[in-house]
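Residue strings, one per chain:
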Amino acid sequence: MSIATERPWADPSLPAAERAGLLLAAMTLEEKVAQLGSRWVGNDMADHELPADETINVAPLEDVFSTGASLSLADASRDGLGQLTRVWGSYPQSVEQGVAEVVRQHEIVLKGSRLGVPALVHEECLTGFTTYGATVYPASIAWGATFDPALVERMAAAIGRDMAAAGVHQGLSPVLDVVRDYRWGRVEETMGEDPYLVGILGSAYVRGLQSAGVLATLKHFAGYSASRAGRNHGPVSMGRRELLDIILPTFETAIATAGAGSVMSSYADLDGLPASADPWLFTDVLRDDWWFEGTVVSDYWAVPFLASMHRVAADDAAAGALALTAGTDVELPDTVGYGGLVAKVRSGELPEALVDRAARRVLLQKAQLGLLDADWTPEDSVSAQGLNLNSEQNRAIAAELAEKSIVLLDAGTVLPLNHQAKVAVIGPCADDPRTLMGCYAFPNHVLPRYPERGLGIEVGTPLGALRNELGEVPYAQGCAVTGNDRSGFEQAVALTQDCDVAVAFVGDLSGLFGHGTSGEGCDAEDLRLPGVQGELVNALLDTGKPVVLVVVSGRPYALGEYADRVAALVQAFIPGQEGAAAIAGVLSGRIVPSGKLPVQLPRHVGGQPGTYLQPALGSVESAGISGLETRPLYPFGYGASYTTFSVGDLRLSSDEIGSDGEFTATVRVRNTGYRAGDEVVQLYLRDVVAQVARPLKLLTGFARVSLEPGAAAEMTFRVHADRTAYTGPDLRRIVEPGEFDVMVGTSALDLPCRAMLRITGDVRVVGHDRVLTTPVSVSHDPGGG
């Protein structure tokens with residue numbers, strides 16, 4: 001019997017949607033529900049012990065580790081299976097073992113079910129492919145500091161190529177949450193506090209990852225980053241207007257401009273309604289308003305959490321029915337709540353049409369990925385030959401990202417370092433490579449449970465990198481990242497007294513759920529440096545010797561206490577495995593710094609919130625109304641350099657446009673210094689009078705430009721009237737006639753170029769088809785003009 005008659009859905013010449021429909025029609029209810037589930041084989045998050053010998057056969061592991069599900073893979077996939085969870089990312093294994101395990105798990109799914117539909121494999125990829133021996137790129141907050149979408153896209157494409165070669169179909173990244181509270185532990189996983197910056201960089205990541213054939217997953221939908229007091233999984237008290245104008249545009253942009261294939265639900269509840277149970281989010285907005293055609297996957301255990309944590313469902317089965325009805329297509333990482341869907345349908349409590357709706361979406365993606373093709377095999381899905389997960393090309397991209405992400409806050413009197421000076425290196429982040437990597441980097445995410453395995457990759461430290469730049473330098477730790485041990489202060493102070501300049505490395509060690517100072521579940525009470533690091537800094541400053549303070553962190557810390565006393569100040573947001581050389585290169589002057597702050601740097605440890613997106617009553621313009629200081633130590637978008645730039649000669653193509661028109665804003669930027677360097681030119685808009693209280697300024701366009709000394713460039717921003725749209729009193733998004741300040745400069749508080757624009761005509765209601773981006777063209781003038 002031919003494929004056309006026996007398995008017509010396996011014919012790749014048919015349209016993917018038709019193939020999905022044919023397969024769906026051939027399935028029993030049990031088989032359709034099975035496509036909505038998943039199985040995590042080898043989950044060791046419960047601190048089970050694994051053998052340390054790399055030659056072990058990992059096959060027996062499937063029945064040893066289980067969180068949220070007790071079935072073996074064979075039992076779990078008897079009717080088929082939607083997804084295989086983290087085959088590569090659960091425990092340390094060689095490339096050969098990983099390839100063999102992917103094949104083994106696929107074969108169990110194929111041989112044990114009637115229709116033999118392959119499962120889709122997903123993995124984490126927040127700082128690169130989260131597996132043993134893979135390149136660790138800078139954390140997302142560092143991508144934000146680059147303001148360089150093209151570079152982020154190149155990184156994501158490299159990650160995608162590695163994952164595709166490893167047989168992975170879906171990556172759980174990027175995080176498109178917008179920072180609302182710096183105390184939140186997952187700030188390091190975000191790209192900043194501005195929705196336009198996050199949306200543009202996130203879309204670039206999606207394009208890169210999906211160019212390799214790996215589905216990108218936008219997370220966490222939605223509002224997760226705005227929890228009360230920055231507490232992980234905390235309730236979110238947010239009005240719908242703030243959600244629509246600040247939180248949702250990042251996701252909408254990545255769907256509209258990059259075609260993101262998947263969306264992940266948030267753990268949080270919005271005004272009491274958990275996101276996973278909200279049909280307005282997952283059906284009305286995502287499907288009906290945004291025309292999203294991909295799949296919605298739950299965050300890990302978000303479905304049973306509806307019963308156990310949110311308590312909006314009586315049990316796991318009820319939670320499953322609630323999530324499916326809202327629009328969650330696939331339950332991760334194990335089938336728990338969705339295990340009860342068959343009984344719910346059989347009893348008449350749940351329409352089978354909802355199962356069909358989700359299963360059709362899952363099968364469509366499997367068809368698009370080639371998983372339904374007649375010639376698909378587990379062996380051909382992976383490329384075992386020559387699979388190098390930490391290639392020279394990967395490391396070069398990681399290095400470029402790190403270099404462009406380092407933010408020079410103040411060169412002061414000592415940077416770049418004098419190579420003849422006697423330099424001492426102090427601090428807990430100077431000689432611990434783990435402080436350079438995020439909480440979803442494999443060395444910090446999984447390997448703490450396997451200390452005998454090392455890091456799996458070579459990662460230098462700032463101390464070693466500075467020794468490469470400057471020669472031998474003495475070092476004292478002073479204290480740990482956490483804890484109250486001050487016994488190392490004396491040695492650190494003595495070294496400082498005996499040097500010309502001390503470089504103090506302080507900041508974070510990323511981890512999970514309290515096992516770190518930054519990362520998932522590692523929220524902060526306030527914004528003082530962790531442990532006794534602040535006391536160490538003060539002890540060094542009390543010597544009277546020049547101190548360069550380098551903060552290596554996943555969130556911005558309040559540095560106002562030290563800003564007027566340090567000789568120089570540098571912010572390095574978790575810069576990845578190549579970050580040490582990048583930091584040292586900036587300190588030595590080998591690298592001209594060009595990073596910009598994707599989050600403001602607060603002055604005081606309290607006084608949340610501190611993001612720049614404030615209306616008049618939350619901004620510096622409200623001085624005197626409250627005793628709390630709102631001006632940041634350093635503003636959003638700020639970053640200094642070892643050269644200087646001028647931005648001027650703002651010209652608008654017109655000072656008046658209709659409510660459906662557009663204008664261009666052109667400025668001239670020139671390198672007025674003596675070294676080649678990069679500047680990030682930023683355009684902000686201010687709605688002078690609106691129907692609701694709006695932020696005093698919003699980033700509306702940006703572009704990075706490289707200039708030789710004396711060279712100049714003209715940068716032209718093409719701004720459509722849609723870019724002024726906001727959510728009005730009736731919750732409709734509108735473009736409203738009126739006056740707008742057009743401001744261009746190099747940070748949210750350094751905007752020397754200003755002009756007034758008037759929008760005329762009628763109020764215009766806009767939707768998903770509105771213009772979401774501001775294209776920028778650059779015309780170089782090598783002579784400077």
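Scroll up a little and you will see the structure.
Residues numbered from 1 in each chain as written. Predicted model: local features only at pLDDT ≥ 70, side-chain atom pairs only at ≥ 80, totals over all residues. Heavy atoms only, no water.

Novice: Sorry, what's going on with a nonpolar patch on the surface here?
Specialist: A cluster of nonpolar side chains, namely Val688, Val689 and Met756, defines an oily patch on the protein surface of about 260 Å² accessible area. As for its placement among the helices and strands, valine 689 is situated in the loop between β19 (677-687) and β20 (698-707). Valine 689 sits in the exposed class, given a relative accessible area of 61%. (Patch = residues over 30% accessible without salt bridge, like charges linked within 9 Å, V, L, I, M, F, W, Y side chains within 5 Å. Areas by Shrake-Rupley, 256 points an atom, 1.4 Å probe, with all protein chains shown as cover. Salt bridge = Lys/Arg side-chain N within 4 Å of Asp/Glu carboxyl O. Helix = DSSP H or I, 4+ residues; strand = E, 2+ residues; numbered from the N terminus. Buried < 20%, exposed > 50% of the residue type's maximum accessible area, 1.4 Å probe, protein only.)

Novice: I would appreciate a short explanation of the packing of aromatic side chains in the present structure.
Specialist: All chains considered together, the criterion is met by 18 aromatic pairs. Ring centres of tryptophan 40 and tyrosine 300 lie 5.4 Å apart, and the angle between their planes is 65°; this geometry places the pair in the edge-to-face category. Of this pair, tryptophan 40 sits in the loop between β1 (38-39) and α4 (73-76) while tyrosine 300 sits in the loop between β9 (295-297) and α11 (302-308), placing them 260 residues apart in sequence. For the residue pair tryptophan 40 and tyrosine 300, the accessibility class agrees, reading buried in each case. Here the aromatic cluster, defined as three or more aromatic residues joined through ring pairs, consists of Phe147, Tyr196, Tyr612, Phe636, Tyr684 and Phe702. For the cation-ring pair, lysine 219 lies above tyrosine 440, with the distance from its terminal atom to the ring centre recorded as 5.6 Å. In this arrangement the basic side chain of arginine 240 is found over the ring face of tryptophan 280, its NZ or CZ atom lying 3.5 Å from the centre. (Phe/Tyr/Trp six-rings, centres within 6.5 Å; stacked < 30°, edge-to-face > 60°. Lys NZ or Arg CZ within 6 Å of the ring centre and 35° of its normal.)

Novice: What's the story with empty space enclosed by the protein in this structure? I'm lost.
Specialist: It is a probe the size of a water molecule, rolled over the atoms, that shows where empty space is left. In this structure the tally under the stated criterion is five cavities of 30 Å³ or more. Those elements that provide at least two residues to the lining of the largest cavity are β19 and β20. When residues of the lining of the largest cavity are assigned to their parent elements, the largest contribution, three residues, is made by β19. For the lining of the largest cavity, a count of residues per class yields four nonpolar, two polar and four charged. (1 Å grid on protein atoms, 1.4 Å probe; cavity = no way out; pocket = protein on both sides within 12 Å on 5 of 7 lines; lining within 4 Å. Points joined across faces, edges and corners; volume = space filled by probe spheres on them. Nonpolar A, V, L, I, M, F, W, Y, C, P; charged D, E, K, R; others polar.)

Novice: What is the right way to look at the sheet that holds strand β10 (residues 407-410) in this model?
Specialist: Strands in a sheet are paired, the pairing made by backbone hydrogen bonds, and the direction either parallel or antiparallel. Read from one edge of the open sheet, six strands run β10-β15-β14-β13-β11-β12, paired in mixed fashion. Looking at which strands have only one partner, the edges of the open sheet turn out to be β10 and β12 (475-476). The pairing of β10 with strand β15 (residues 568-573) spans three bridges and is classified as antiparallel. Paired with aspartate 410 across the bridge in β15 is leucine 569. Where helix α19 (residues 533-541) meets the sheet, its contacts fall on β11 (423-426), β13 (501-507) and β14 (547-553), and the angle it forms with β13 comes to roughly 170°. (Pairing = 2+ DSSP bridges. Contact = heavy atoms within 4.5 Å. Axes fitted to C-alpha atoms, helices over the stretch in contact; angles between N-to-C directions.)

Novice: Would you mind showing me how to read the nonpolar core here?
Specialist: Grouped burial of nonpolar side chains is what soluble globular proteins tend to show. Core analysis: the largest hydrophobic core is formed by 182 residues, its most contacted members being Phe221 and Leu248. Filtering out sequence-adjacent residues up to four positions away, phenylalanine 221 remains in contact with Leu248, Phe251, Val263, Met264, Ser265, Ser266, Ala275, Leu281, Phe282, Leu286 and Trp290. Ranked by size, the runner-up nonpolar core spans 43 residues in total, among them Ala441, Leu463, Val473 and Val501. (Core = buried A, V, L, I, M, F, W, Y, C linked by side-chain atoms within 4.5 Å.)

Novice: Sorry, what's going on with unusual backbone geometry here?
Specialist: Keep in mind that most residues, glycine aside, have a negative phi and that most peptide bonds are trans. Following leucine 332, the chain continues into proline 333 via a peptide bond in cis, with omega recorded as 0°. Its location among the elements puts proline 333 in the loop between α12 (316-326) and α13 (341-346). Cis peptide bonds are those with omega within 30 degrees of zero, and the linkage from leucine 415 to proline 416 qualifies with -5°. Of note, phenylalanine 147 is a non-glycine position whose phi angle comes to about 50°, a positive value. Of note, phenylalanine 147 is situated in the loop between α6 (140-146) and α7 (149-165).

Novice: Looking at this structure, how should I read the environment of valine 566?
Specialist: Position of valine 566 relative to the elements: it lies in the loop between α20 (560-563) and β15. By relative accessible area, which is 11% here, valine 566 ends up buried. With 17 residues separating them along the chain, valine 566 and leucine 549 place their C-alpha atoms 6.7 Å apart. Apart from the residues lying within four places of it in its own chain, the contact partners of valine 566 are Leu541, Val547 and Leu549.

Novice: Explain the sheet that holds strand β26 (residues 764-765) here, please?
Specialist: The antiparallel open sheet is built from three strands, whose spatial order is β22-β23-β26. Lying at the two open borders of the sheet, with one neighbouring strand each, are β22 (726-727) and β26. One ladder, built from two bridges, connects strand β23 (residues 733-735) with β26; its direction is antiparallel. Counted as the bridge partner of valine 735 is arginine 764 from β26.

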